[in-house]
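Each chain, written out:
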Amino acid sequence: MPANDGAATVAVEVRSFSYDLGAVGPSFQHPIAIEAPIEFHVGGAPFAVMMATPCDLEDFAYGFLLTEGLVDGPDDIRGLEIEEAQEGWRIKGTLVAAKLQAHLARKRAIGGRTGCGLCGTEDLSHLPAPRRPIGSAAPVEPSVIGSALAELEKRQPLNALTRATHAAAWCACAGDIVLVREDVGRHNALDKAIGALMREGVGADRGFFLITSRCSFEMVAKAAIFGAGALVSLSAPTSLALARAREYGVSLVAVARADRALSFATAGGDRSGGLAA
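Figured I'd write up the structure that's included with this text.

### Structural notes on the sheet that holds strand S10 (residues 177-183)
Ordered in space as S10-S9-S11-S12-S13-S14, the 6 strands form an open sheet in which the pairing is mixed. With partners counted over all chains shown, the strands left at the sheet margins are S10 and strand S14 (262-264), one partner each. Geometrically, the sheet is characterised by an average inter-axis angle of 20° between neighbouring strands, direction not taken into account. With 3 bridges connecting them, strand S12 (residues 230-233) and strand S13 (residues 251-254) associate as parallel partners. Within S13, the residue paired with Leu-231 across the bridge is Leu-252. Across the sheet, helix H5 (residues 186-200) lies against strand S9 (166-172), S10 and strand S11 (207-211), angled at about 140° from S10, the strand it touches most.

Here is the structure:
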């Protein structure tokens, strides 16, 4: 594990629990997912505190800075310093001059939670969104989605240990999972995946996102900000998620199961079985 990452789990003492008898048998060690405050500083000043699993922190930083609208790409980030703090972790980001000036002009201070994507937003005009709708792309074949779903569970080691984390996977157009990031926060998992793709220079037209969490509007917005034209979710979308998908041109397949899913017609979506990506 990189030196600037923390542990993802901690072992605690538990006992088996029977609905007939209550706690029974000897105690044993069981891993649980770590949730810790990650404090973001930008340009020397505090910007946000997000509750997250403290692994893949550099990926998290890149993705978070992009989806929060502070940068347009990795070249806008001049440097990152990641350090362990007294109660969590601190990430200090340095931006190029133009992006730092734009950030300072937009006053924002958010207190992050693992389940909230609006904390601290001063008005609706400040909600992160892509600069332009997603362009048209070749559709992803339905069988490809099934292949990615079949592989996903095997690619979630942290959730296999703890049963407490979300996952966001980037899948190639052929169905192979390129990378997976996990976190106690669904937004954080997707930010980590986006950050990893940014750092590796993977183009948004080369695949689609597959997420295990609720398909809320923030998840659609984050995928669109990265430039992905397709999002597959194990859960159903909310009304605002569907509205944003239509607005941004993100094709949406949700309630994805081993044998079938629901295809939601969106601005860039396919209405005959395929999924634009």
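Picking up after the structure, the text goes on.
### Topic: helix H3 (residues 142-152)
Of all the positions in H3, only Val-144, Ile-145, Ala-148, Leu-149 and Leu-152 are classed as buried. Seen end-on, H3 carries its buried residues on one side only, within an arc spanning 135°. In H3, those exposed residues whose orientation departs by more than 90 degrees from the buried face are Ser-143 and Ala-150.

### Things to note about helix H6 (residues 217-226)
For H6, a buried count of 10 out of 10 residues is recorded, marking the element as mostly surrounded by other parts of the structure. Buried within H6 are the following residues: Phe-217, Glu-218, Met-219, Val-220, Ala-221, Lys-222, Ala-223, Ala-224, Ile-225 and Phe-226. Looking at the packing, one finds that the buried side of H6 touches helix H1 (57-67), S9, H5, S11, S12 and helix H7 (239-248). Looking one or two places after H6, you find Gly-227, whose phi comes out positive at around 110°.

### With respect to the nonpolar core
Formed by 54 residues in total, the largest nonpolar core has its most connected members in Phe-209 and Phe-226. In terms of residue count, the dominant contributor to this core is H6 (8 residues).

### Focus: the state of the cysteines
Covalent bonding between the sulfur atoms of two cysteines defines a disulfide. Applying the stated criterion to the full structure yields 0 disulfides. This cysteine, Cys-173, is not joined by any disulfide, and Cys-171 carries the nearest cysteine sulfur, 9.9 Å off.

### Description of the pairing of S9
Among the 7 residues of S9, 6 are classified as buried, and the element is accordingly described as predominantly covered. Note that S9 and S10 share 6 bridges and pair antiparallel. Within the sheet, the bridge partner assigned to Ala-167 lies in S10 and is Glu-182. Counted along the chain from S9 to the antiparallel partner S10, the turn is 4 residues long, and its residue Gly-175 has a positive phi close to 105°. Pairing analysis gives 5 bridges linking S9 to S11, with the strands arranged antiparallel. When the bridges of S11 are listed, Ala-169 appears paired with Leu-210.

### Focus: the packing of aromatic side chains
For the structure on display, the rule yields 8 aromatic pairs. Plain terms: the ring middles of Phe-40 and Phe-60 are 5.4 Å apart, the flat faces sit at 75° to each other, and that makes the pair edge-to-face. Highlighted residues: Phe-40 in strand S3 (residues 36-42) and Phe-60 in helix H1, separated in sequence by 20 residues. By way of ring pairs, the aromatic residues Phe-40, Phe-47, Phe-60 and Phe-64 are connected into one cluster. Across from the ring centre of Tyr-62, 6.0 Å away, lies the NZ or CZ of Arg-199, which sits over that ring.

Criteria and thresholds
- Residues numbered from 1 in each chain as written.
- Predicted model: local features only at pLDDT ≥ 70, side-chain atom pairs only at ≥ 80, totals over all residues.
- Heavy atoms only, no water.
- Pairing = 2+ DSSP bridges.
- Helix = DSSP H or I, 4+ residues; strand = E, 2+ residues; numbered from the N terminus.
- Axes fitted to C-alpha atoms, helices over the stretch in contact; angles between N-to-C directions.
- Contact = heavy atoms within 4.5 Å.
- Buried < 20%, exposed > 50% of the residue type's maximum accessible area, 1.4 Å probe, protein only.
- Arc of directions from axis to C-beta.
- Core = buried A, V, L, I, M, F, W, Y, C linked by side-chain atoms within 4.5 Å.
- Disulfide = S-S within 2.5 Å.
- Phe/Tyr/Trp six-rings, centres within 6.5 Å; stacked < 30°, edge-to-face > 60°.
- Lys NZ or Arg CZ within 6 Å of the ring centre and 35° of its normal.

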